[in-house]
Amino acid sequence: MPIKDHNHKNNHINDNKNIAWRLLDTQVNEVILTDLQGIIVFKNKAVNKNQEISNDYIVGTSIWSYLPQIQKHRFQLVFNQVLSSGITQIIKHKKGDHWFQTFISPIAGNSNEIEDIVLFSYDITQQAQTEEQLKKTILELATAQEDERHRISRDLHDEIGQRMTALLMQLRSLKEIIQNNGKVDIEEINNASQNLEIIIKHLRQIFFQLYPPSLSKVSLPKVLDALCTSVEEANRLTIDLSCQEGIPDLQENQVTTIYRFVQEGLTNVVKHSKATSVWVNLDYSDGDINISIEDNGIGFSLPDIQEGIGLRGIRERFYLLDGSFEIDTAVSKGTRISGSIPVKKNI
């Protein structure tokens, strides 16, 4: 090839490279081009745009000299995988307070041999934070489920188990009296009957907690009435339920959220409040469905108490439905929790 043609071809290649690099400079994401040893041959402007999250990479230096030791080994392993396989690899890493996802890709020349490696980095901080929050929420829900299982297990063992044992002993005593032709005291039969009634009430409450009636087949006020009645009967508690007439039809997730709100709220009243009376109110106004639970218990200092997993889960449910959730309490002043959800009618 004549020298002139050869130089013309090289100039043409260089012009194309310059055009490509100028285009890469317009990218908001970081782009670094290296040779097969990791020596930087190009970097776009985004690489050093924010010194807080990017090192000052210099063309002609090794990319490995800018990476922390803990990331250097990882990057080199992935880099070598790209060289040997010719397949793009992805690595997630952190720089400062930001998370990045970097695509490490081979660039082949005219002979299809790998000549360069390009590192293309996206800032995925917001995505990573969302994923972490999702993981945290899933973990909290799993923990809440385990806590609920332990609580039900304790209820079965401590309350129902003991009463069933007492009932069994009473029935055995009555059997012995009858077998010996003795006279059965009506009070003993009454005691056994009372134990059985209490067992049935506690079992009914546990059934409601484990598997409430189909919320899609039974109206919400009726389901809440059954729930409040079961809690009231099992815990010597007066519960006044007020449901406004004409509540509009709600989406399934809205109904479930309100039901779980009342269930968790009443559970906390029974466990912590030492209340004798509870008021549950469901109403609809200005396009919002509103639910509240108020008790006459001991209350607590809100800043001094860490919100339990159950209430945090309920709060998240309301927020996911674009709603609101509030707790109003003070020592010796009782407690009121309330939630509100914008109504989106079924289509």
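Quick look at the structure, then.

Conventions adopted
Residues numbered from 1 in each chain as written. Predicted model: local features only at pLDDT ≥ 70, side-chain atom pairs only at ≥ 80, totals over all residues. Heavy atoms only, no water. Helix = DSSP H or I, 4+ residues; strand = E, 2+ residues; numbered from the N terminus. Buried < 20%, exposed > 50% of the residue type's maximum accessible area, 1.4 Å probe, protein only. Contact = heavy atoms within 4.5 Å. Areas by Shrake-Rupley, 256 points an atom, 1.4 Å probe, with all protein chains shown as cover. Expected span 1.5 Å × (residues − 1). Pairing = 2+ DSSP bridges. Axes fitted to C-alpha atoms, helices over the stretch in contact; angles between N-to-C directions. Core = buried A, V, L, I, M, F, W, Y, C linked by side-chain atoms within 4.5 Å. Phe/Tyr/Trp six-rings, centres within 6.5 Å; stacked < 30°, edge-to-face > 60°. Lys NZ or Arg CZ within 6 Å of the ring centre and 35° of its normal. Parallel < 35°, antiparallel > 145°, perpendicular 65-115°, else oblique. Left-handed = near helix turned anticlockwise from the far one by under 90°. Nonpolar A, V, L, I, M, F, W, Y, C, P; charged D, E, K, R; others polar.

Counting its secondary structure elements, the chain contains seven helices and 10 strands. With 347 residues in all, the chain has 34% of them scored as buried. Put simply, of all contacts in the chain between residues at least 6 apart along the chain, 54% involve residues at least 24 apart. For the chain, the exposed area adds up to about 21,700 Å²; of that, 52% sits on carbon and sulfur atoms.

Turning our attention to helix 5 (residues 220–235). Under the 1.5 Å per step criterion, the end-to-end length of helix 5 is 23 Å for 16 residues, consistent within 8% with the ideal 22 Å. Looking one or two places after helix 5, you find Arg 236, whose phi comes out positive at around 50 degrees.

With respect to topology, five strands assemble into an open sheet ordered 6-7-8-10-9, the strand pairing being mixed. Each end of this open sheet is capped by a strand with a single partner; those strands are strand 6 (238–243) and strand 9 (324–329). If you compare each strand with its neighbour and ignore which way they point, the axes differ by 10 degrees on average. Sheet strands touched by helix 5: strand 6 and strand 7 (277–285). Its angle to strand 6, the strand with the most contacts, is close to 175 degrees. Its contacts with the sheet place helix 6 (residues 252–273) against strand 6, strand 7, strand 8 (288–295), strand 9 and strand 10 (335–342), and it is angled at close to 10 degrees to strand 8.

Here we come to helix 6. In a regular helix each residue adds 1.5 Å, so 22 residues correspond to 32 Å; helix 6 covers 30 Å between its end C-alpha atoms and thus fits that length. Of the residues flanking the end of helix 6, it is Lys 274, one or two places downstream, whose phi is positive at about 60 degrees.

With that settled, consider the nonpolar core. The nonpolar side chains of a soluble globular protein tend to be buried, and buried together. Ile 258, Phe 261, Val 262, Leu 266 and Val 280 are the most contacted members of the largest nonpolar core, which totals 33 residues. Excluding residues within four positions of it along the chain, Phe 261 makes contact with Ile 291, Ser 292, Ile 293, Ile 314, Phe 318, Phe 325, Ile 337, Ser 338 and Gly 339. Judged by nonpolar contacts, the second largest core, of 16 residues, contains Ile 32, Val 47, Tyr 66 and Ile 91.

The next point concerns the packing of aromatic side chains. Inspection of the entire model under this criterion finds six aromatic pairs. On the basis of an interplanar angle of 75 degrees and a centroid distance of 5.8 Å, the ring pair of Phe 103 and Tyr 122 is categorised as edge-to-face. One end of the pair, Phe 103, is in strand 4 (residues 98–108); the other, Tyr 122, is in strand 5 (residues 114–123), and 19 residues separate them in sequence. By relative accessible area, Phe 103 is classed as partly exposed at 25%. Residue class for Tyr 122 comes out partly exposed when judged on its relative accessible area of 34%. Counting every residue linked through ring pairs, the aromatic cluster contains Phe 103, Phe 120 and Tyr 122. Above the ring of Trp 99, the side-chain terminus of Lys 92 is found at 5.3 Å from the ring centroid.

Right, let's talk about the packing of helix 5 against helix 6 for a bit. Direction vectors running N to C along helix 5 and helix 6 enclose 15 degrees, while the axes themselves pass 11 Å from each other. Looking at the two axes, helix 5 sits roughly parallel to helix 6. When the axes of helix 5 and helix 6 are compared, the crossing they make is right-handed. Residue-level inspection shows Leu 220, Val 223, Leu 224, Leu 227, Cys 228, Val 231 and Asn 235 of helix 5 in contact with helix 6, the latter providing Val 255, Ile 258, Tyr 259, Val 262, Gln 263, Leu 266 and Val 270. In terms of residue class, the contact of helix 5 with helix 6 is made up of 12 nonpolar, two polar and no charged.

Attention shifts here to the pairing of strand 7. As judged from the six bridges shared by strand 6 and strand 7, these two strands associate in the parallel manner. Bridge pairing links Cys 243 to Leu 282 in strand 7. In this sheet, strand 8 lies alongside strand 7 in antiparallel orientation, the contact comprising eight bridges. Note that in strand 8 the partner of Val 278 across the bridge is Asp 295.

One non-glycine residue with positive phi stands out, namely Asn 112, at about 65 degrees. Following the sequence through the fold, Asn 112 ends up in the loop between strand 4 and strand 5. Of the residues examined, Asn 112 reaches a relative accessible area of 67% and is grouped as exposed. With a phi close to 50 degrees, Arg 236 is a non-glycine residue in the positive phi region. Along the chain, the position of Arg 236 falls in the loop between helix 5 and strand 6.

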